[in-house]
Amino acid sequence: MKLIQQLRQDTFSLSFEVFPPKTGSAFQSVQAATEEIAKLRPAFMSVTYGAGGGTSRYTLDIAMNIKRLYGVSTLAHLTCVSSTRESLHAQIEDMQRYGIENVMALRGDPTPQSLESAHVGPYRHAVDLIHELKECGADFCIGGACYPEVHPESADQREDIRHLKEKVDAGCDFLTTQMFFDNNLLYNFLYKIREAGITVPIVAGIMPITNANQVERAIKLSGAHMPQRFKSLVDRFGNDPAAMKQAGVAYATDQIIDLYANGITNVHVYSMNKPDVARKIQENLSDILGKSC
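This structure is a prediction, so every number in the text was calculated from the model and none was measured.

Caption draft 1: A look at the environment of lysine 39. As for its placement among the helices and strands, lysine 39 is situated in the loop between helix 2 (27–38) and strand 2 (45–47). Along the backbone, lysine 39 and glycine 71 are 32 residues apart, and their C-alpha atoms lie at a distance of 9.7 Å.

Caption draft 2: Representation of the side chain of lysine 2 in the model. Structurally, lysine 2 can be placed in the segment before helix 1 (3–7). Looking at lysine 2, the relative accessible area reads 18%, which means it is buried. The contact partners of lysine 2, leaving out residues within four places of it in the chain, are Glu101, Asn102, Asp139 and Cys141.

Caption draft 3: Molecular detail of a nonpolar patch on the surface. Taken together, Phe12, Ile257 and Ile288 make up a surface patch of nonpolar side chains, about 220 Å² in accessible area. Tracing the sequence through the fold places isoleucine 257 in helix 11 (residues 241–261).

Caption draft 4: Up close: the state of the cysteines. In the structure shown here, the tally under the stated rule is zero disulfides. Between cysteine 141, a cysteine without a disulfide, and cysteine 172, which holds the nearest cysteine sulfur, the sulfur-to-sulfur distance is 8.6 Å. The thiol of cysteine 146 is unpaired, and the distance to the nearest cysteine sulfur, on cysteine 172, comes to 8.8 Å. The class for cysteine 146 is buried, based on a relative accessible area of 2%.

Caption draft 5: View of the pairing of strand 6 (residues 174–177). On strand 6, burial covers both faces: Phe174 and Thr176 on one face and Leu175 and Thr177 on the other are all buried. Pairing of strand 5 (residues 141–146) with strand 6 involves four bridges; the strand directions are parallel. Within the sheet, the bridge partner assigned to glycine 143 lies in strand 6 and is phenylalanine 174. Here strand 6 pairs with strand 7 (residues 202–206) via two bridges, running parallel. Paired with leucine 175 across the two strands is isoleucine 202, which belongs to strand 7. Regarding topology, helix 8 (residues 183–195) serves as the crossover connection from strand 6 to the parallel strand 7, and that connection is right-handed.

Caption draft 6: Representation of the packing of helix 4 (residues 85–97) against helix 6 (residues 126–135) in the model. Helix 6 packs onto helix 4 with a crossing angle of 60° between their chain directions and a minimal axis gap of 12 Å. Of the possible angle classes, the one that applies to helix 4 and helix 6 is oblique. Like other packed secondary-structure pairs, helix 4 and helix 6 cross with a definite hand, here right-handed. Residue-level inspection shows Arg85, Leu88, His89 and Ile92 of helix 4 in contact with helix 6, the latter providing Leu129, Glu132 and Leu133. Looking at the contact of helix 4 with helix 6 residue by residue, the class counts come to four nonpolar, one polar and two charged.

Caption draft 7: Broad picture of helix 8. With 13 residues, helix 8 should cover 18 Å at 1.5 Å per step; its first-to-last C-alpha distance of 19 Å lies within 8% of that length. Taken together, the buried positions of helix 8 are Asn183, Leu186, Phe189, Leu190 and Ile193. The buried residues of helix 8 occupy an angular sector of 115° when projected down its axis, which confines them to one face. Set apart from the buried face of helix 8 by more than 90 degrees, the exposed residues are Asn184, Tyr191 and Glu195. Check the buried side of helix 8 and you find it contacts strand 5, helix 7 (157–170), strand 6, strand 7 and helix 11.

Here is what the cut-offs are and how they apply
Residues numbered from 1 in each chain as written. Predicted model: local features only at pLDDT ≥ 70, side-chain atom pairs only at ≥ 80, totals over all residues. Heavy atoms only, no water. Helix = DSSP H or I, 4+ residues; strand = E, 2+ residues; numbered from the N terminus. Buried < 20%, exposed > 50% of the residue type's maximum accessible area, 1.4 Å probe, protein only. Contact = heavy atoms within 4.5 Å. Patch = residues over 30% accessible without salt bridge, like charges linked within 9 Å, V, L, I, M, F, W, Y side chains within 5 Å. Areas by Shrake-Rupley, 256 points an atom, 1.4 Å probe, with all protein chains shown as cover. Salt bridge = Lys/Arg side-chain N within 4 Å of Asp/Glu carboxyl O. Disulfide = S-S within 2.5 Å. Pairing = 2+ DSSP bridges. Right-handed = clockwise from strand over helix to strand, strands pointing away. Axes fitted to C-alpha atoms, helices over the stretch in contact; angles between N-to-C directions. Parallel < 35°, antiparallel > 145°, perpendicular 65-115°, else oblique. Left-handed = near helix turned anticlockwise from the far one by under 90°. Nonpolar A, V, L, I, M, F, W, Y, C, P; charged D, E, K, R; others polar. Expected span 1.5 Å × (residues − 1). Arc of directions from axis to C-beta.

Printed below as a string of C-alpha coordinates:
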(Lines give C-alpha, C1' and ligand atoms only; values in the text may rest on other atoms or scores of the structure.)
Protein backbone atom coordinates (compact mmCIF):
# COMPACT_ATOMS: atom_id res chain seq x y z
CA MET A 1 0.00 0.00 0.00
CA LYS A 2 1.23 3.47 -0.88
CA LEU A 3 1.72 5.36 2.37
CA ILE A 4 0.39 8.61 0.96
CA GLN A 5 -3.07 7.04 1.05
CA GLN A 6 -2.77 6.54 4.82
CA LEU A 7 -1.13 9.87 5.54
CA ARG A 8 -3.89 11.84 3.88
CA GLN A 9 -6.56 10.31 6.09
CA ASP A 10 -7.88 12.46 8.93
CA THR A 11 -7.20 9.81 11.59
CA PHE A 12 -4.42 9.44 14.14
CA SER A 13 -1.59 7.15 13.08
CA LEU A 14 1.45 5.89 14.92
CA SER A 15 4.38 4.28 13.13
CA PHE A 16 7.79 2.96 14.19
CA GLU A 17 11.31 2.94 12.81
CA VAL A 18 13.67 -0.02 13.01
CA PHE A 19 17.19 -0.55 11.71
CA PRO A 20 18.97 -3.53 10.14
CA PRO A 21 21.95 -5.26 11.75
CA LYS A 22 25.45 -4.21 10.88
CA THR A 23 26.54 -7.82 10.50
CA GLY A 24 24.92 -11.05 9.40
CA SER A 25 25.53 -12.66 12.81
CA ALA A 26 23.09 -10.21 14.42
CA PHE A 27 20.38 -10.63 11.79
CA GLN A 28 18.21 -13.13 13.67
CA SER A 29 18.05 -11.09 16.88
CA VAL A 30 17.31 -7.88 15.01
CA GLN A 31 14.65 -9.57 12.90
CA ALA A 32 13.00 -10.95 16.04
CA ALA A 33 12.88 -7.45 17.56
CA THR A 34 11.34 -5.97 14.42
CA GLU A 35 8.72 -8.73 14.37
CA GLU A 36 7.73 -7.93 17.96
CA ILE A 37 7.18 -4.30 16.94
CA ALA A 38 5.25 -5.39 13.84
CA LYS A 39 2.89 -7.38 16.07
CA LEU A 40 1.66 -4.03 17.43
CA ARG A 41 0.14 -3.39 13.98
CA PRO A 42 1.46 0.16 13.55
CA ALA A 43 0.34 2.34 10.65
CA PHE A 44 3.67 1.45 8.99
CA MET A 45 7.29 0.67 9.81
CA SER A 46 10.34 2.26 8.28
CA VAL A 47 13.61 0.36 7.90
CA THR A 48 16.79 2.38 7.80
CA TYR A 49 19.75 2.01 5.47
CA GLY A 50 23.45 1.82 6.34
CA ALA A 51 25.91 4.52 5.33
CA GLY A 52 27.05 3.87 1.79
CA GLY A 53 24.43 1.13 1.40
CA GLY A 54 26.32 -1.30 3.61
CA THR A 55 23.17 -2.92 4.99
CA SER A 56 20.93 -2.60 1.93
CA ARG A 57 20.21 -6.33 1.66
CA TYR A 58 19.23 -6.53 5.32
CA THR A 59 16.98 -3.48 4.91
CA LEU A 60 15.01 -5.20 2.17
CA ASP A 61 14.93 -8.58 3.94
CA ILE A 62 13.51 -7.03 7.11
CA ALA A 63 11.00 -4.86 5.22
CA MET A 64 9.74 -7.82 3.21
CA ASN A 65 9.51 -10.04 6.31
CA ILE A 66 7.42 -7.48 8.21
CA LYS A 67 5.04 -7.07 5.31
CA ARG A 68 4.78 -10.79 4.53
CA LEU A 69 4.20 -12.04 8.08
CA TYR A 70 2.15 -9.22 9.57
CA GLY A 71 0.74 -7.24 6.66
CA VAL A 72 2.33 -4.04 7.97
CA SER A 73 3.13 -1.43 5.32
CA THR A 74 6.84 -0.72 5.10
CA LEU A 75 9.00 2.24 4.14
CA ALA A 76 12.51 1.31 3.01
CA HIS A 77 15.23 3.93 3.33
CA LEU A 78 17.45 4.57 0.34
CA THR A 79 20.55 6.75 0.43
CA CYS A 80 22.53 8.06 -2.50
CA VAL A 81 25.77 9.29 -0.96
CA SER A 82 28.78 8.02 -2.94
CA SER A 83 26.49 6.05 -5.30
CA THR A 84 27.05 5.79 -9.01
CA ARG A 85 24.12 5.79 -11.41
CA GLU A 86 24.69 2.08 -12.05
CA SER A 87 24.80 1.11 -8.37
CA LEU A 88 21.74 3.20 -7.57
CA HIS A 89 19.72 1.63 -10.37
CA ALA A 90 20.75 -1.82 -9.14
CA GLN A 91 19.39 -0.90 -5.70
CA ILE A 92 16.15 0.40 -7.21
CA GLU A 93 15.74 -2.84 -9.15
CA ASP A 94 16.27 -4.82 -5.94
CA MET A 95 13.55 -2.79 -4.23
CA GLN A 96 11.14 -3.43 -7.07
CA ARG A 97 11.93 -7.15 -6.99
CA TYR A 98 11.19 -7.21 -3.25
CA GLY A 99 7.84 -5.51 -3.84
CA ILE A 100 8.79 -2.29 -2.04
CA GLU A 101 6.23 0.45 -2.70
CA ASN A 102 7.46 3.19 -0.36
CA VAL A 103 10.94 4.72 -0.30
CA MET A 104 12.50 7.25 2.06
CA ALA A 105 14.88 9.18 -0.20
CA LEU A 106 17.88 10.48 1.73
CA ARG A 107 21.32 11.75 0.93
CA GLY A 108 22.79 9.78 3.81
CA ASP A 109 25.71 10.61 6.05
CA PRO A 110 29.04 10.31 4.26
CA THR A 111 31.64 8.09 5.89
CA PRO A 112 35.24 9.34 5.96
CA GLN A 113 35.98 6.96 3.10
CA SER A 114 33.11 8.25 0.97
CA LEU A 115 33.47 11.97 1.57
CA GLU A 116 35.52 12.55 -1.57
CA SER A 117 33.21 10.59 -3.86
CA ALA A 118 30.15 12.20 -2.25
CA HIS A 119 31.33 15.57 -3.48
CA VAL A 120 32.12 14.48 -7.02
CA GLY A 121 29.44 11.86 -7.60
CA PRO A 122 26.15 12.44 -9.41
CA TYR A 123 24.05 12.51 -6.22
CA ARG A 124 25.10 15.22 -3.83
CA HIS A 125 21.71 15.85 -2.25
CA ALA A 126 18.44 14.02 -1.63
CA VAL A 127 16.76 16.06 -4.36
CA ASP A 128 19.11 14.41 -6.88
CA LEU A 129 17.93 11.00 -5.71
CA ILE A 130 14.27 12.04 -5.97
CA HIS A 131 14.81 13.25 -9.53
CA GLU A 132 16.45 9.90 -10.38
CA LEU A 133 13.59 7.90 -8.85
CA LYS A 134 11.09 9.86 -10.93
CA GLU A 135 13.08 9.81 -14.15
CA CYS A 136 13.73 6.05 -14.06
CA GLY A 137 9.99 5.40 -13.91
CA ALA A 138 9.99 3.57 -10.58
CA ASP A 139 6.47 3.66 -9.16
CA PHE A 140 7.33 4.49 -5.55
CA CYS A 141 5.63 6.66 -2.97
CA ILE A 142 8.57 8.88 -2.00
CA GLY A 143 9.24 10.31 1.44
CA GLY A 144 11.84 12.87 2.40
CA ALA A 145 13.36 14.32 5.55
CA CYS A 146 12.87 17.78 7.02
CA TYR A 147 14.40 19.62 9.96
CA PRO A 148 12.19 21.72 12.27
CA GLU A 149 15.37 23.25 13.71
CA VAL A 150 17.25 23.79 10.40
CA HIS A 151 19.47 21.29 8.63
CA PRO A 152 22.98 21.45 10.15
CA GLU A 153 24.48 22.34 6.75
CA SER A 154 22.04 25.15 5.91
CA ALA A 155 22.99 28.77 6.52
CA ASP A 156 19.57 29.58 7.96
CA GLN A 157 15.98 28.36 7.97
CA ARG A 158 15.03 30.35 4.91
CA GLU A 159 17.67 28.53 2.84
CA ASP A 160 16.64 25.23 4.40
CA ILE A 161 12.98 25.70 3.47
CA ARG A 162 13.95 26.68 -0.07
CA HIS A 163 15.82 23.40 -0.48
CA LEU A 164 12.89 21.55 1.07
CA LYS A 165 10.56 23.07 -1.51
CA GLU A 166 12.90 21.82 -4.25
CA LYS A 167 12.55 18.26 -2.91
CA VAL A 168 8.76 18.50 -2.88
CA ASP A 169 8.68 20.00 -6.37
CA ALA A 170 10.91 17.15 -7.57
CA GLY A 171 8.29 14.61 -6.51
CA CYS A 172 8.53 14.02 -2.76
CA ASP A 173 5.07 12.84 -1.58
CA PHE A 174 5.49 13.41 2.16
CA LEU A 175 8.06 14.57 4.71
CA THR A 176 9.17 13.12 8.03
CA THR A 177 10.82 15.38 10.57
CA GLN A 178 14.08 14.86 12.32
CA MET A 179 13.66 14.31 16.06
CA PHE A 180 12.69 17.30 18.18
CA PHE A 181 11.93 17.70 21.86
CA ASP A 182 9.99 20.97 21.89
CA ASN A 183 6.69 20.81 20.00
CA ASN A 184 6.53 24.59 19.63
CA LEU A 185 9.50 24.38 17.27
CA LEU A 186 7.51 22.07 15.01
CA TYR A 187 4.39 24.26 15.05
CA ASN A 188 6.47 27.29 14.07
CA PHE A 189 8.20 25.29 11.33
CA LEU A 190 4.88 24.06 9.91
CA TYR A 191 3.57 27.61 9.69
CA LYS A 192 6.65 28.69 7.71
CA ILE A 193 6.66 25.79 5.25
CA ARG A 194 2.93 26.12 4.55
CA GLU A 195 3.51 29.79 3.77
CA ALA A 196 6.28 28.67 1.39
CA GLY A 197 3.81 26.49 -0.51
CA ILE A 198 4.83 23.11 0.91
CA THR A 199 1.53 21.29 1.35
CA VAL A 200 2.49 17.59 1.43
CA PRO A 201 1.69 15.59 4.60
CA ILE A 202 4.16 16.01 7.45
CA VAL A 203 4.99 13.10 9.76
CA ALA A 204 6.32 14.18 13.14
CA GLY A 205 9.39 12.20 14.22
CA ILE A 206 9.68 11.51 17.96
CA MET A 207 12.70 9.97 19.68
CA PRO A 208 12.06 8.46 23.13
CA ILE A 209 15.23 9.05 25.15
CA THR A 210 15.36 6.02 27.42
CA ASN A 211 18.92 6.30 28.70
CA ALA A 212 21.12 9.27 29.48
CA ASN A 213 23.79 8.23 26.96
CA GLN A 214 21.32 8.86 24.12
CA VAL A 215 21.17 12.58 24.87
CA GLU A 216 24.63 13.45 23.57
CA ARG A 217 24.12 11.30 20.48
CA ALA A 218 20.72 12.86 19.78
CA ILE A 219 22.18 16.35 19.96
CA LYS A 220 25.10 15.35 17.70
CA LEU A 221 22.82 13.76 15.08
CA SER A 222 20.13 16.41 14.93
CA GLY A 223 21.36 19.51 16.75
CA ALA A 224 18.05 19.32 18.61
CA HIS A 225 17.22 21.89 21.26
CA MET A 226 16.72 20.31 24.67
CA PRO A 227 14.05 22.18 26.69
CA GLN A 228 14.79 22.78 30.35
CA ARG A 229 12.04 20.38 31.45
CA PHE A 230 13.73 17.64 29.45
CA LYS A 231 17.16 18.50 30.87
CA SER A 232 15.69 18.32 34.36
CA LEU A 233 14.30 14.89 33.61
CA VAL A 234 17.71 13.61 32.52
CA ASP A 235 19.46 15.24 35.50
CA ARG A 236 17.02 13.65 37.96
CA PHE A 237 16.68 10.15 36.49
CA GLY A 238 19.73 9.70 34.26
CA ASN A 239 21.61 7.53 36.75
CA ASP A 240 18.68 5.16 37.30
CA PRO A 241 18.16 3.12 34.08
CA ALA A 242 14.66 1.88 34.91
CA ALA A 243 13.45 5.30 36.02
CA MET A 244 15.07 6.98 33.01
CA LYS A 245 13.34 4.59 30.62
CA GLN A 246 9.97 5.21 32.25
CA ALA A 247 10.50 8.98 32.27
CA GLY A 248 11.69 9.00 28.66
CA VAL A 249 8.66 7.05 27.45
CA ALA A 250 6.38 9.37 29.44
CA TYR A 251 8.00 12.46 27.89
CA ALA A 252 7.65 11.06 24.36
CA THR A 253 4.04 10.09 25.06
CA ASP A 254 3.29 13.60 26.31
CA GLN A 255 4.79 15.05 23.13
CA ILE A 256 2.65 12.79 20.95
CA ILE A 257 -0.57 13.58 22.82
CA ASP A 258 0.12 17.29 22.42
CA LEU A 259 0.79 16.80 18.69
CA TYR A 260 -2.47 14.91 18.19
CA ALA A 261 -4.38 17.54 20.18
CA ASN A 262 -2.99 20.26 17.92
CA GLY A 263 -3.93 18.66 14.62
CA ILE A 264 -0.82 16.60 13.82
CA THR A 265 -2.29 13.24 12.82
CA ASN A 266 0.83 11.28 11.80
CA VAL A 267 3.58 10.50 14.30
CA HIS A 268 6.64 8.32 13.66
CA VAL A 269 8.57 6.97 16.65
CA TYR A 270 12.28 6.27 16.34
CA SER A 271 11.91 3.10 18.39
CA MET A 272 15.51 1.88 18.00
CA ASN A 273 14.57 -1.84 17.73
CA LYS A 274 13.12 -1.71 21.26
CA PRO A 275 9.78 -3.57 21.29
CA ASP A 276 9.15 -2.76 24.95
CA VAL A 277 9.44 0.97 24.31
CA ALA A 278 7.21 0.81 21.22
CA ARG A 279 4.64 -1.30 23.09
CA LYS A 280 4.52 1.01 26.11
CA ILE A 281 4.04 4.11 23.97
CA GLN A 282 1.22 2.45 22.05
CA GLU A 283 -0.37 1.29 25.31
CA ASN A 284 -0.24 4.86 26.61
CA LEU A 285 -2.11 5.98 23.48
CA SER A 286 -4.45 3.02 23.07
CA ASP A 287 -7.73 4.87 23.61
CA ILE A 288 -6.60 7.81 21.48
CA LEU A 289 -5.62 5.46 18.66
CA GLY A 290 -8.65 3.23 19.22
CA LYS A 291 -6.64 0.03 19.36
CA SER A 292 -5.59 -2.45 22.01
CA CYS A 293 -2.12 -3.88 22.47
